[in-house]
Amino acid sequence: MSNPYPVIDANVSPHFRYNAEIRRYLPPSYRLRAIPDVEQQWYQAPGGDYRQDLYGEHYPASDRETLCRHLFDEGGAACAILNPLTRGNIADYLLNSRICAAVNDWLVERWLDADATGRLRGTIRVNPEDPRGAVAEIERLAAHPKMVQVGIPLQSREPYGKPVFEPIWAAAAAHNLPVAVHINGGNGVDHPPTFAGHAHTYPGYAAFMPLNSFVHLATLIIEGVFGRHADLRFVFADGGYDILTPLMWRLDTFWVSMRDQTPWVDRYPSEYLRDHVRFCSSAFDGPTDDTHAARWLDFTDKTELLMYGSAYPHWSTTSPTAATAGLSDVQREKVLSRNARELYGVGAEVEGSLS
Amino acid sequence: MPVMRRRPVCAVEDLPPGTMKLVPVGKYGVGVYNIGGSLHAIANYCAHEGAPLCAGFVGGTNEFAPDAPGHLRYVREGRILRCPWHQWEFDITTGQTVADAAKRVRIYQVDVTDGQVYLTA
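One structure accompanies this document, and this report is about it. Keep in mind the model is a prediction, meaning the values are calculated, not measured.

### A look at the overall build of chain A
Okay, step 1: In terms of helices and strands, chain A carries 14 helices and eight strands.
Okay, step 2: For the C-alpha atoms alone, the extent of chain A along its principal axes is close to 55 × 50 × 45 Å.
Okay, step 3: Across the 355 residues that make up chain A, the buried fraction comes to 48%.
Okay, step 4: By sequence separation, contacts in chain A at least 24 residues apart represent 82% of the contacts at least 6 residues apart.

### Things to note about the pairing of strand E2 (residues 20-23) of chain B
All names here are of chain B.
Okay, step 1: Across four bridges, E2 lies against strand E3 (residues 30-35) in antiparallel orientation. Bridge pairing links Leu 22 to Gly 31 in E3.
Okay, step 2: The hairpin formed by E2 and E3 contains six residues between the paired strands, and Gly 26 there has a positive phi angle of roughly 65°.

### Regarding the sheet that holds strand E1 (residues 8-12) of chain A
Residue and element names in this part refer to chain A.
Okay, step 1: Read across the sheet, eight strands follow the order E1-E2-E3-E4-E5-E6-E7-E8 without closing on themselves; strand pairing throughout is parallel. Every other strand in the sheet has two partners, leaving E1 and strand E8 (306-307) as the edge strands with one partner each.
Okay, step 2: Across three bridges, the pairing between strand E6 (residues 234-236) and strand E7 (residues 277-280) is parallel. Residue pairing in the sheet places Phe 236 in a bridge with Phe 279 of E7.
Okay, step 3: Docked against the sheet, helix H6 (residues 212-222) engages strand E5 (179-182), E6 and E7, running at close to 160° with respect to E6.

### Some words on the environment of Pro46(A)
Residue and element names in this part refer to chain A.
Okay, step 1: Along the chain, Pro 46 turns up in the loop between E1 and helix H1 (64-74).
Okay, step 2: Take Pro 46: there are 9 C-beta atoms within 10 Å of it, and that puts it in the exposed class.
Okay, step 3: Counting along the chain gives 157 residues from Pro 46 to Pro 203, while the straight-line C-alpha distance between them is 9.6 Å.

### A word on the environment of Asp37(A)
Okay, step 1: The topology assignment puts Asp37(A) in the loop between E1 and H1.
Okay, step 2: Each C-alpha atom, one on Asp37(A) and one on Asn19(A), is 5.8 Å from the other, the two residues being 18 residues apart in sequence.

### Points about the packing of helix H3 (residues 131-141) of chain A against helix H4 (residues 166-174) of chain A
Residues and elements named next belong to chain A.
Okay, step 1: It is at 8 Å that the axes of H3 and H4 come closest, and there the two elements cross at 10°. With respect to H4, the axis of H3 lies roughly parallel. In contact with Pro 131, Ala 134, Val 135, Ile 138 and Glu 139 of H3, H4 contributes Pro 167, Ile 168, Ala 171 and Ala 172.
Okay, step 2: Residue composition of the contact of H3 with H4, by class: eight nonpolar, no polar and one charged.

### So, the interface of chain B and chain A
Okay, step 1: Contacts between the two partners involve 14 residues from chain B and, on the opposite side, eight residues from chain A.
Okay, step 2: Of the residues forming the side of chain B that touches chain A, the biggest block, four residues, is contributed by strand E5 (residues 58-64) of chain B.
Okay, step 3: Looking at the side of chain B that touches chain A residue by residue, the class counts come to five nonpolar, six polar and three charged.

### A word on unusual backbone geometry
Okay, step 1: The residue after Tyr312(A), namely Pro313(A), is reached through a cis peptide bond having omega 5°.
Okay, step 2: One non-glycine residue, Thr300(A), adopts positive backbone phi at about 55°.
Okay, step 3: Structurally, Thr300(A) can be placed in the loop between helix H10 (293-298) and helix H11 (302-305).
Okay, step 4: On the neighbour-count criterion, Thr300(A) (20 C-beta atoms within 10 Å) is buried.
Okay, step 5: With a phi angle near 65°, Gln87(B) is a residue other than glycine that sits in the positive phi range.
Okay, step 6: Position of Gln87(B) among the secondary structure elements: in the loop between strand E6 (72-82) and strand E7 (89-91).
Okay, step 7: Residue Gln87(B) is classed as partly exposed on the basis of its 16 C-beta neighbours within 10 Å.

### Focus on H1(A)
Residue and element names in this part refer to chain A.
Okay, step 1: Within H1, burial applies to Leu 67, Cys 68, His 70, Leu 71 and Phe 72. Down the axis of H1, the buried side of the element spans an arc of 165°, and every buried residue falls inside it. The outward face of H1, more than 90 degrees from its buried face, is lined by the exposed residues Glu 65, Arg 69, Asp 73 and Glu 74.
Okay, step 2: For H1, the elements touching its buried residues are E1 and strand E2 (79-82).
Okay, step 3: The positive-phi residue at the C-terminal boundary of H1 is Gly 76, with phi of around 85°.

### Quick word on the pairing of strand E8 (residues 107-113) of chain B
Residues and elements named next belong to chain B.
Okay, step 1: Pairing between strand E4 (residues 38-43) and E8: two bridges, direction antiparallel. Looking at E8, one finds that Ala 41 is bridged to Tyr 108.
Okay, step 2: In the sheet, E8 pairs with strand E9 (residues 116-120) via five bridges, with the strands oriented antiparallel. Its bridge partner being in E9, Val 110 is matched across the sheet by Leu 119.
Okay, step 3: Taking the residues that link successive antiparallel strands as the turn, the E8-E9 hairpin has two residues, and the phi of Asp 114 there is positive, at about 50°.

### Section: the sheet that holds E4(B)
Think of a sheet as strands paired side by side through backbone hydrogen bonds, with each pair either parallel or antiparallel.
All names here are of chain B.
Okay, step 1: On the basis of which strands lie adjacent, the open sheet formed by six strands has the order E1-E9-E8-E4-E3-E2 and antiparallel pairing. Across the chains shown, the open sheet's two edge strands, defined by having one partner strand only, are strand E1 (6-11) and E2. The average undirected angle you get between the axes of adjacent strands in this sheet is 30°.

### Regarding the nonpolar core
As a rule of thumb, soluble globular proteins bury nonpolar side chains together.
Okay, step 1: Counting 119 residues, the largest nonpolar core has Ile8(A), Ala172(A) and Val32(B) as its most contacted members.
Okay, step 2: Counting residues per element, this core draws most heavily on helix H2 (residues 93-112) of chain A, at seven residues.
Okay, step 3: If we ignore the near neighbours within four places in the chain, the residues touching Val32(B) are Val9(B), Leu15(B), Met20(B), Lys21(B), Val23(B), Leu39(B), Ala41(B), Val110(B), Val117(B) and Leu119(B).

About the criteria used
Residues numbered from 1 in each chain as written. Chains lettered and ligands numbered in written order. Predicted model: local features only at pLDDT ≥ 70, side-chain atom pairs only at ≥ 80, totals over all residues. Helix = DSSP H or I, 4+ residues; strand = E, 2+ residues; numbered from the N terminus. Buried ≥ 20, exposed ≤ 12 C-beta atoms within 10 Å, placed from the backbone. Contact = placed C-beta atoms within 7 Å. Pairing = 2+ DSSP bridges. Axes fitted to C-alpha atoms, helices over the stretch in contact; angles between N-to-C directions. Parallel < 35°, antiparallel > 145°, perpendicular 65-115°, else oblique. Nonpolar A, V, L, I, M, F, W, Y, C, P; charged D, E, K, R; others polar. Arc of directions from axis to C-beta. Core = buried A, V, L, I, M, F, W, Y, C linked by C-beta atoms within 7 Å.

What follows is the structure in structure tokens.
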């Protein structure tokens, strides 16, 4: 693989070596509490959630050198944004915030500070059900030079445009950290995974779960969050962008008719996308026929919004080549490199090593 | 293109503030509105899908008022015509929608001479 630009992998999930390893990073008051395992109990992929060749004594993506070899040496990426899972929306939100802090401490110690390649960047995981705790966690870690975004679950009992969450987004924006929304691990106190209830089996879950991102996105626009926070950026890391175009058309249409109810939305809802929204690529998104891919990506400016994310070590892990099949050279460069470099300010330090 | 013509509408006392006369001009007609003593005319044809615009309610609209309870302030009272089909908000005095100035319908000259209202359309 040779690209004239550094490929940025914006969606990688490292794991603890085994579930109980997280307890080493919890404070004594919380160390012996019941904590869900990282796997979701329902809707596991047939054959396992992760790439089958990665299962061994420890979890897939739990060894730094192996991960770097797979992504960089064999996969051709120059830089990876690590976004670890946490353990679900736990009813004890204070416990959940400690779990987030434990994950962050582990990420810093075992991945970011230990990495000599300079190619790994991290995510500050926070618990939106504890807004004060989430803000405190952002303040605790925002200065770490390798932390490049804030991470939250896609699963939520309220859409993220609600005012209760706004202090978290304000803190992230103040530190110029995008907020990445990613389907979480663990078993939380959640709504069903689709608008209409529980899916039957894994394909129903996997096909429709990422569409929840649009509900978060629509409320962030309509409730004025993006309008109030010029520096706030959201990254939807599980895809869902192939329904972006029809749903934005719908939202734009309703806005012209119902604008007087939300006059703080002072432009078409779709006009917020370029300044505030990015998506990571997903194996499930896009046309099934690659000959439609280039035209399809230009609808609703998706060429500017999409960043390559391998989803490593997920079973659907996608290579840069597969993620950009059918795209033009201009689109490929933006999706594989430019959009993520501009969002995260990464890539320049490894560019010299590519020649 | 049809020729514009200055045509009588009614006596000014028959068009008091807050009322409208629909004048049968062209294919769809033109609505002549008295907004607080000021006369305005707008095509009876919505720019969206061709609805009879002048059948819509006239009122005001909301602007963002961050310090007000509910964050809304009611403004432009009597100037905003809402299309009866899809609720687009047209400012009768400009012909433009509040949401998007590029979405607009035609407006026309109105004058009063010797107590008679004239429309040029």
